[in-house]
Amino acid sequence: MSLPYAEPYKIKMVEQIYRSTQKEREQWIEEANFNLFNLRSEQVFIDLLTDSGTGAMSDKQWSAMMLGDESYAGASSYFKLKKAIKNILGFEYFLPTHQGRAAENVLFSTIIKEGDIVPGNSHFDTTKGHIEFRKAKAVDCTINEAFDTTLDFPFKGNIDINKLEAVLKKYPKERIPLIIVTITNNSSGGQPVSMENLKQVKIIANQYGIPVFFDSARFAENAYFIKMREKAHEHKSIKEIVKEMYSYADGMTMSSKKDAIVNMGGFIAMRSEKLFRDASVFNIMFEGYITYGGMSGRDMNALAQGLDEGTEFEVLEAGIKQVEYLGNKLIECGIPIQFPIGGHAVFIDAKRFLPQINKEEFIAQTVAVELYIVGGIRGVEIGTILADRDPETRENRYPGLELVRLAIPRRTYTNSHMDYVAAVCKKIFDTRHEAKHGLRIVEEAPIMRHFTVKLEKIK
Ligand SMILES: *Cc1c(COP(=O)(O)O)cnc(C)c1O
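Model, not experiment: these values are computed from the prediction. (Residues numbered from 1 in each chain as written. Predicted model: local features only at pLDDT ≥ 70, side-chain atom pairs only at ≥ 80, totals over all residues. Heavy atoms only, no water.)

Not every one of the 14 residues close to the ligand is listed here, only the nearest: Q99, R101, D215, S255 and K258. For the ligand, an oxygen atom lies 2.8 Å from a polar atom in the backbone of G100. Contacts to the ligand include R218, whose side-chain N or O atom sits 3.5 Å from an oxygen atom. Coverage of the ligand by the protein amounts to 97% of the 380 Å² it exposes when considered alone. Of the residues contributing to the shell around the ligand, the split by class is 2 nonpolar, 6 polar and 6 charged. (Near = heavy atom within 4 Å. Polar contact = N/O pair within 3.5 Å; in protein donor to acceptor, adjacent residues only side chain to side chain. Areas by Shrake-Rupley, 256 points an atom, 1.4 Å probe, with all protein chains shown as cover. Nonpolar A, V, L, I, M, F, W, Y, C, P; charged D, E, K, R; others polar.)

Here it is, written out as structure tokens:
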């Protein structure tokens, strides 16, 4: 008989959480203008808003923090991180930044100009924001399979090579400063990109002379899925797979708050010394001197340790198995979720959950608000609100998918919490026919509106 799975860690410290009543939550969500970002964390029982910076660091990371070197220039913590990036990811040059979007800001300030075209696979919201802010255009070349949540396809994060080639053919090289491959593809449901696809992208990029950057927040998860789903790599270690993945990139931007399991931090890494020098100017301006750029020495130490731990199979497996556990519970209840289950989150397919609600009434946000009211669970909308308005027409963009993401912070909640989440989802799902209307926007920002948007219930 095979024994059941159990996590390869035990808990050394706990944090109390407040279990509120539905009545309290009904008042709080109204005061928060039906925007879950506006809630105080004490008003949330189980916080699945994001796994970004919300994971539990290990004892080794905490002890690395005590050894942080806070020197302004040339700190040992910088060299420790530099060594980890070289060893694990293979890049010679790097610039620390305070988080992932800061890495985008520095890199894009260096290479993107007005009118440029940036092909990729469902660019992440901050990535797209930073591209559009510079009056450049992000072109989505994700494979069509990604937009059918019922389809069980192993690498829904992949770039459609034909779509990519069409873009590279259409525009002159000078207008395409880079191709961005997001690993895993967050916006299409935490779906991985295959090694074969990464290789193909690099081959075609080389033909057209365009650099390839990986937006790398969940690179380790991507490597895990390559190991599990791509035959040629099943016997390789995560670290070997990671090394090969990055052999197909000229550089990367990183939000360390995800797969490096730290609370804050990011970086840009690259092969080109010239790009490193050009980007250093912006790093110093926006982030800090090149040997700390927005991070404390202790944070760089924790990050170096986190990169090493986060690329260990056992550590990855524990997190991914918990996501799978919740996903399977939801499937048992008949709740429509994105297939296959992603690595950091379960995505509820809101259009199939509430088919009677019009797309103009923000279907996924409506489901997310219900999850909060009924169970104190905070998920996040990945749908029309996040997709923002078209920068030219100012019309709402209706994405192919309306998802509610339930992201599971690493090493933070137990499977009893997951049972509770599943029970809340089921309770809402069982009475879903009673929902008549969704929400309408009362106030919104011109860009990245989802963080501050104010909504009201349509009566
Ligand atoms: C989180 C994330 C970012 C932005 O990083 P922050 O640390 O939140 O600024 C960019 N791209 C992807 C794919 C991400 O997941």
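This part is about helix 1 (residues 22-31). Regarding helix 1, the residues found buried are R25, W28 and I29. Across the axial projection of helix 1, the buried residues extend over an arc of 95 degrees, all falling on one side. Helix 1 presents K23, E30 and E31 as exposed residues on the side facing more than 90 degrees away from its buried surface. One or two residues past the end of helix 1 sits N33, with phi positive at roughly 55 degrees. (Buried < 20%, exposed > 50% of the residue type's maximum accessible area, 1.4 Å probe, protein only. Helix = DSSP H or I, 4+ residues; strand = E, 2+ residues; numbered from the N terminus. Arc of directions from axis to C-beta.)

Turning our eyes to something else, we now look at the side chain of Q99. Structurally, Q99 is set in the loop between strand 2 (93-97) and helix 4 (100-111). Since its relative accessible area comes to 12%, Q99 is described here as buried. Aside from chain neighbours lying at most four places away, what touches Q99 is M254, K257, M264, G265 and G266. (Contact = heavy atoms within 4.5 Å.)

Glancing now at the environment of A368. For A368, the location among the structural elements is in helix 14 (residues 363-375). The exposure class of A368 is buried, given its relative accessible area of 0%. Expressed as a C-alpha distance, the spacing of A368 and A279, which sit 89 residues apart in the sequence, is 39 Å. Excluding residues within four positions of it along the chain, A368 makes contact with L36 and V404.

Along helix 2 (residues 59-66), the residues classified as buried are Q61, A64 and M65. Taken end-on, helix 2 shows its buried residues confined to a sector of 105 degrees, consistent with a single buried face. Projecting away from the buried face of helix 2 at angles above 90 degrees are the exposed residues K60 and M66. Buried residues in helix 2 make contact with helix 11 (297-310).

Here we take up the pairing of strand 8 (residues 266-270). The buried count for strand 8 comes to 5 of 5 residues, which makes it a mostly enclosed element. The alternating pattern of strand 8 places G266, I268 and M270 on one face and F267 and A269 on the opposite face, and all of these are buried. One ladder, built from 5 bridges, connects strand 7 (residues 251-255) with strand 8; its direction is antiparallel. Within strand 8, the position partnered with M252 by the bridge is A269. (Pairing = 2+ DSSP bridges.)

Right, let's talk about the domain arrangement of the chain for a bit. Taken as a whole, the chain is organised into domain 1 (22-51 + 314-457) and domain 2 (59-310). Spacing between the C-alpha centres of domain 1 and domain 2 amounts to 26 Å. Listed per partner, the contact involves 29 residues of domain 1 and 35 residues of domain 2. Summing both sides of the interface, domain 1 and domain 2 together bury roughly 2,600 Å²; the carbon and sulfur share of this comes to 56%. It is L316, P340 and R410 that lose the most area in domain 1 upon contact with domain 2, and together they represent 22% of the buried surface on that side. The interface formed by domain 1 and domain 2 includes 5 salt bridges. Ionic pairing is found between R397 and E132, a salt bridge with its closest N-O pair at 3.5 Å. Our count for the domain 1 to domain 2 interface comes out at 10 residue pairs in polar contact (both at pLDDT 80 or more). Those elements that place two or more of their residues in the side of domain 1 that touches domain 2 are helix 12 (313-332), strand 9 (345-349) and strand 12 (403-407). At 4 residues, the largest contribution of residues to the side of domain 1 that touches domain 2 is made by helix 12. Of the residues in the side of domain 1 that touches domain 2, the class split is 16 nonpolar, 5 polar and 8 charged. (Domains from an automatic or database assignment. Buried area = accessible area lost by both parts, 1.4 Å probe. Salt bridge = Lys/Arg side-chain N within 4 Å of Asp/Glu carboxyl O.)

An order of 9-12-11 is seen for the 3 strands of this open sheet, with the pairing classed as antiparallel. Two strands bound the open sheet, and with one partner strand each, they are strand 9 and strand 11 (380-382). Averaged over all pairs of adjacent strands, the angle between their axes in this sheet comes to 35 degrees, without regard to strand direction. As paired elements, strand 9 and strand 12 share 5 bridges and run antiparallel to each other. Counterpart to I348 in the pairing with strand 12 is V404. Packed on one face of the sheet, helix 14 meets strand 9, strand 11 and strand 12 and runs near 40 degrees to strand 12. (Axes fitted to C-alpha atoms, helices over the stretch in contact; angles between N-to-C directions.)

Enumeration over the complete set of coordinates arrives at 15 aromatic pairs. With 5.4 Å between their ring centres and 50 degrees between their planes, F214 and Y246 make a pair best called tilted. Here F214, found in strand 6 (residues 212-215), pairs with Y246, found in helix 9 (residues 238-247); they are 32 residues apart in sequence, far enough to count as distant. By relative accessible area, which is 0% here, Y246 ends up buried. The rings of Y78, F79, F94 and F267 are connected pair by pair, giving a single aromatic cluster. One Lys or Arg, K227, reaches over the ring of F313 and ends 5.6 Å from the middle of that ring. Seen from the ring of F429, R432 lies directly overhead, with NZ or CZ sitting 3.8 Å from the centre. (Phe/Tyr/Trp six-rings, centres within 6.5 Å; stacked < 30°, edge-to-face > 60°. Lys NZ or Arg CZ within 6 Å of the ring centre and 35° of its normal.)

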